[in-house]
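The lines below spell out each chain.
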Amino acid sequence: MIHIKSYIKPDKLSDWAITTVKAAIEALELNIYKSRSITIQIKEIPQHIKGNFLGFIETGYTPEDVYELFLDTEQTKSTLKLVIAHEIIHFKQYVKHELKRVAYKHFKYKNEDYFVEQYDKQAPWEVEAYSKQNDIKRKMSKILKEYKNNK
């Protein structure tokens, strides 16, 4: 089971973020979480790095199966949908143990070690996320429309 909690304000944006993350997970068609208890905490991106990132997902500093999804909530919902689509791919990588933060700048991706000094769009986990984010966003939008129609 996946638990999604939002710590962003206002509540209207918080509710939207929860629903959008839920749709993104559904778009992934990831079934592994059904046998695990996973928590995603949606939070505002820290002020000291605002402007450098639109969002990121973190698990290296949380208990196992707790993920923090940080978003720059000053972005449009359309931009945030794409950011969520991108980050939910990283979520999948973490959950399936394809990606692991070993230390601050040390990652393991598909059993290979990578040492990154700073964000690198060419890192293989980023290449995967960028190549799939638009497809996930399209699927998410369709799922969100279905949610709306079923209300």
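Reading the values: the criteria
- Residues numbered from 1 in each chain as written.
- Predicted model: local features only at pLDDT ≥ 70, side-chain atom pairs only at ≥ 80, totals over all residues.
- Heavy atoms only, no water.
- Helix = DSSP H or I, 4+ residues; strand = E, 2+ residues; numbered from the N terminus.
- Rg over C-alpha atoms; globule rule 2.2 N^0.38 Å.
- Buried < 20%, exposed > 50% of the residue type's maximum accessible area, 1.4 Å probe, protein only.
- Phe/Tyr/Trp six-rings, centres within 6.5 Å; stacked < 30°, edge-to-face > 60°.
- Salt bridge = Lys/Arg side-chain N within 4 Å of Asp/Glu carboxyl O.

A. Focus on the overall build of the protein chain. Looking only at helices and strands, the protein chain has 3 helices and 7 strands in total. N-terminal to C-terminal, the α/β element order of the protein chain is β-α-β-β-β-α-β-β-β-α. Whereas a compact globule of 151 residues would reach a radius of gyration of roughly 15 Å, the protein chain reaches 15 Å, a difference of no more than 12%. A buried classification covers 46% of the 151 residues belonging to the protein chain.

B. Examining the packing of aromatic side chains more closely. Using the criterion set out here, one finds 8 aromatic pairs in the structure. The structure contains a cluster of three or more aromatic residues connected by ring pairs, namely Phe53, Phe56, Phe70 and Tyr119.

C. Geometry of the pattern of salt bridges. As enumerated under the stated definition, the model contains 12 salt bridges in all. Close ionic contact of Lys92 with Glu98 constitutes a salt bridge, the shortest N to O distance being 2.9 Å. Given the relative accessible area of 11%, Lys92 is considered buried. Among the ionic pairs, Lys92 bridges to Glu128, the shortest N-O distance being 2.8 Å. Of this pair, Lys92 sits in helix H2 (residues 77–95) while Glu128 sits in helix H3 (residues 124–149), and the two are 36 residues apart along the sequence. Judged by relative accessible area, which is 9%, Glu128 ranks as buried. Each of Lys92, Glu98, Glu128 and Lys132 takes part in a single network of salt bridges with overlapping partners.

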